[in-house]
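# Structure at a glance
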2 protein chains.
Amino acid sequence: MATIYQVSELAGVSLATVSRVMNNNARVSDKTRDKVLVAMEQLGYRPNSIAQSLASSRSNSIGILVSELHGPFYGEMLTGIEAEFRAAGKHVIIAAGHSERATEEEGIDFLRSRSCDALILHVEAVTDQYLIELSKKETPFVLLNRQVAALAERCISLDNELGGYLATHHLLQQGHRHIAYIAGPMWKTDARDRFHGHQRALAEYQLTADDALFFEGDFRETGGSKGLQWLLASGRPFSALVCANDEMASGALTAARELGYEVPANFSVIGFDNVNFAYYTYPKLSTIDYPISAMGQMAARWVLQQVYQQSSIVVQQVFSPHLIPRDSVAEALHT
Amino acid sequence: MATIYQVSELAGVSLATVSRVMNNNARVSDKTRDKVLVAMEQLGYRPNSIAQSLASSRSNSIGILVSELHGPFYGEMLTGIEAEFRAAGKHVIIAAGHSERATEEEGIDFLRSRSCDALILHVEAVTDQYLIELSKKETPFVLLNRQVAALAERCISLDNELGGYLATHHLLQQGHRHIAYIAGPMWKTDARDRFHGHQRALAEYQLTADDALFFEGDFRETGGSKGLQWLLASGRPFSALVCANDEMASGALTAARELGYEVPANFSVIGFDNVNFAYYTYPKLSTIDYPISAMGQMAARWVLQQVYQQSSIVVQQVFSPHLIPRDSVAEALHT
DNA sequence: TAGTATTATGTAAGCGCTTTCATTTATAGC
DNA sequence: GCTATAAATGAAAGCGCTTACATAATACTA
């Protein structure tokens, strides 16, 4: 592999000049630039990015920590991030945190030790305090999908409350008045926010959430099926069901079928997230779209702006979800 | 950030000694080692991985090129890869190739310029010739899910022929004798291999594939729905349908429902890949499992063995698929 | 055309490590 | 106690770049 030194020799200029044409910011005369370019071409020269990083103390790498690499959600997120950085000549190092505190912290440590210029974190298990401590260290980071008041300017998140509102509002508009709710784990902010949105929508119709129609699930499929069984067993009638995410909605759909109910004939179901498989369920799941790819892209832009000084970039911090009506919600028969 | 120099000073030893304890291979007396360890601890020292890379000419990074970051397939693959490397202290740089030749080549270039020690490639659009050329350059690579004869020792792939065989064999065992087939693009090796497996299974029952029951799809959902329509329109009766992947199977399932058919009552359907949403379709899709996560992990091991000399590792190059029977296949009514 | 302001290029000192080779210190044999 | 050998440590030369800072070349002014 040719080095900058050989290029400088062949072109008959100094190292510094070659370096200048590479980072084509500095002023070099056209003549010299051409000579250098020709020499590079001739030698098939490729700069050694490691040496560049060491000398400039910029690694041009961004660490991404997600909960999982598989699953319908994170792939979309990574897509947005990778595309944005690739175009900017930065590269992306990934690590998985598996929603466990120790693994998440370890992943962050791993990424930091890799000399990342910045981090994009999608963490669930580490504490706010940990993140606040982290913010005092040298590596800058953005938080995706998490709100920490003290770190507000580094958070990119979805308006979950609005999403919860939209879901229930849609059901209300279809004439439903008895609406069951399967929530996510209520210690998670997003689960709580979605539920608050639900309550707000109900309030607009002078309704309040019925405790007998509330079940706290786990954001997994089984949470949905167990939740539905519990709701049905409670004996309290309902004509529609809000699930705080699509996995649980899918579980509910399957359970309903197995118990002999038809959706949406017997009751409507709405999910949240609009993950890819929502389209493959039967009936196709009405849900709330979570623009996660766009949000990932925005996190990347935050980094470009804050860390690489690409000042022209505008960052949007809060995203709005919207309704995706499909086949799992129908009009209520009796209001 | 503390440097090795400060550690050496505090511990009262030379740089070399500190470096030795870091890479704990060289022989250092226990006393000195402890002194150094204490100094490191005290300074909160973390080695600068960039400097390490430059000096040792090993970046400890592996580039991964996948077609897409989202979708049900690549996430699984990345999971296997990341876990394996993370445990080995290596890190993973990702790029997407979008199944387009130019983008794939560009991605490979990008990764190479990032000083990766090795590459794991899941490429579809670049030519064999390009890969053969690439193999002459310094960066080693493995191919996932692609067979290039000249590069056989670098290929990790699935026995697609066997998978195709298993799918059709299952149908035959259930008594089906008139089996339709929706293939992938036949220029792709895996699509062809799967079809060959189908033919072999038929041959065992003294049957041959019926041209009127064959449709070449595109591995996308629409390919499945169009394919089913075409097959139905052809008027040739069939009691079972093999789809060369799950997306197309899902498309077929949806189309069947819309056209008033019931699966598996009217005809059985089997897919291929066992992507996550196969579980969410209705009826749940019987399919052939593609152990992509394990294959990703194996690709990582190949790198660990070949590039990082971890000789204890054993690499398996060809993987076998197996049948996942679910609800979309039923016994044939009349044999 | 001398004198000054610009612009282009070169010199050389790092960046924070690894690693070879030389040197020092400990261990053993007699 | 004195050499012969092995083990532990240090000195220093890079790895391939970037980037002050110094210097040379050119353009501009009066």
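Going by the structure above, here's the rest.
Residues numbered from 1 in each chain as written. Chains lettered and ligands numbered in written order. Predicted model: local features only at pLDDT ≥ 70, side-chain atom pairs only at ≥ 80, totals over all residues. Heavy atoms only, no water.

## Let's talk about the sheet that holds strand 6 (residues 179–183) of chain A
Residue and element names in this part refer to chain A.
- The four strands are arranged 7-6-8-9 in an open sheet whose pairing can be described as parallel. Pairing within the sheet leaves two strands with one partner each, and these edge strands are strand 7 (214–216) and strand 9 (268–270). Here the average twist between neighbouring strands, direction ignored, is 15°.
- Across four bridges, the pairing between strand 6 and strand 8 (residues 240–243) is parallel. Counterpart to A180 in the pairing with strand 8 is L241.
- On top of the sheet, helix 8 (residues 160–173) reaches strand 6, strand 8 and strand 9; it is set at about 170° to strand 8, its chief contact.
- Of the strands in this sheet, strand 6, strand 7 and strand 8 touch helix 9 (residues 189–204), which is tilted by about 165° from strand 6. (Pairing = 2+ DSSP bridges. Helix = DSSP H or I, 4+ residues; strand = E, 2+ residues; numbered from the N terminus. Axes fitted to C-alpha atoms, helices over the stretch in contact; angles between N-to-C directions. Contact = heavy atoms within 4.5 Å.)

## Examining the protein's contact with DNA strand D
- Near DNA strand D, the surroundings consist of 27 residues, among which I4 and S19 of chain A together with S14, R20 and T32 of chain B are the closest.
- Within 4 Å of the protein, atoms of DNA strand D come from sugar and phosphate in 63% of cases.
- The backbone of I4 of chain A places a nitrogen or oxygen atom 2.7 Å from a phosphate oxygen of DNA strand D.
- Side-chain polar atom of S19 of chain A to a phosphate oxygen of DNA strand D: 2.4 Å apart, as the coordinates give it.
- Among the elements of the structure, helix 2 (15–22) and helix 4 (49–56) of chain A together with helix 2 (15–22) and helix 4 (49–56) of chain B are those that each provide at least two residues to the surface near DNA strand D.
- Its residues assigned to classes, the surface near DNA strand D shows 12 nonpolar, 11 polar and four charged. (Near = heavy atom within 4 Å. Polar contact = N/O pair within 3.5 Å; in protein donor to acceptor, adjacent residues only side chain to side chain. Nonpolar A, V, L, I, M, F, W, Y, C, P; charged D, E, K, R; others polar.)

## Comments concerning the interface of chain B and chain A
- Facing the 50 residues of chain B at the interface are 50 residues of chain A.
- Summing both partners gives a buried area of about 4,300 Å² for chain B against chain A, and 56% of it is carried by carbon and sulfur.
- For R46 of chain A, the salt bridge identified is with D109 of chain B, shortest N-O distance 3.6 Å.
- One can count 18 residue pairs in polar contact (both at pLDDT 80 or more) joining chain B with chain A.
- Every element with two or more residues in the side of chain B that touches chain A is listed here: helix 4, helix 5 (74–87), strand 2 (91–96), helix 6 (101–113) and helix 11 (246–258) of chain B.
- Looking at the side of chain B that touches chain A element by element, the count peaks at seven residues for helix 6 of chain B.
- Here the residues of the side of chain B that touches chain A are counted per class, giving 18 nonpolar, 18 polar and 14 charged.
- When strand 2 (residues 91–96) of chain A meets strand 2 of chain B, the two strands line up antiparallel, connected through three bridges. Within the sheet, the bridge partner assigned to I94 of chain A lies in strand 2 of chain B and is V92 of chain B. (Buried area = accessible area lost by both parts, 1.4 Å probe. Salt bridge = Lys/Arg side-chain N within 4 Å of Asp/Glu carboxyl O.)

## Thoughts on the protein's contact with DNA strand C
- DNA strand C sits among 27 residues. The nearest are S14, R20, R27 and T32 of chain A together with S19 of chain B.
- A breakdown of the atoms of DNA strand C within 4 Å of the protein gives sugar and phosphate a share of 61%.
- Within the side chain of Y45 of chain B, a nitrogen or oxygen atom sits 2.8 Å from a phosphate oxygen of DNA strand C.
- For the surface near DNA strand C, the elements supplying multiple residues, two or more each, are helix 2 and helix 4 of chain A together with helix 2 and helix 4 of chain B.

## Side note on the sheet that holds strand 6 (residues 179–183) of chain B
Residues and elements named next belong to chain B.
- Read from one edge of the open sheet, four strands run 7-6-8-9, paired in parallel fashion. Edge positions in the open sheet fall to strand 7 (214–216) and strand 9 (268–270), since each of these has one partner strand only. Direction aside, neighbouring strands of the sheet carry axes that sit 15° apart on average.
- Bridge count between strand 6 and strand 7: three bridges; the pairing is parallel. Paired with I182 across the two strands is F215, which belongs to strand 7.
- Each of strand 6, strand 8 (240–243) and strand 9 touches helix 8 (residues 160–173); the most contacted strand, strand 8, lies at about 170° to it.
- Across the sheet, helix 9 (residues 189–204) is in contact with strand 6, strand 7 and strand 8; its angle to strand 6 comes to roughly 165°.

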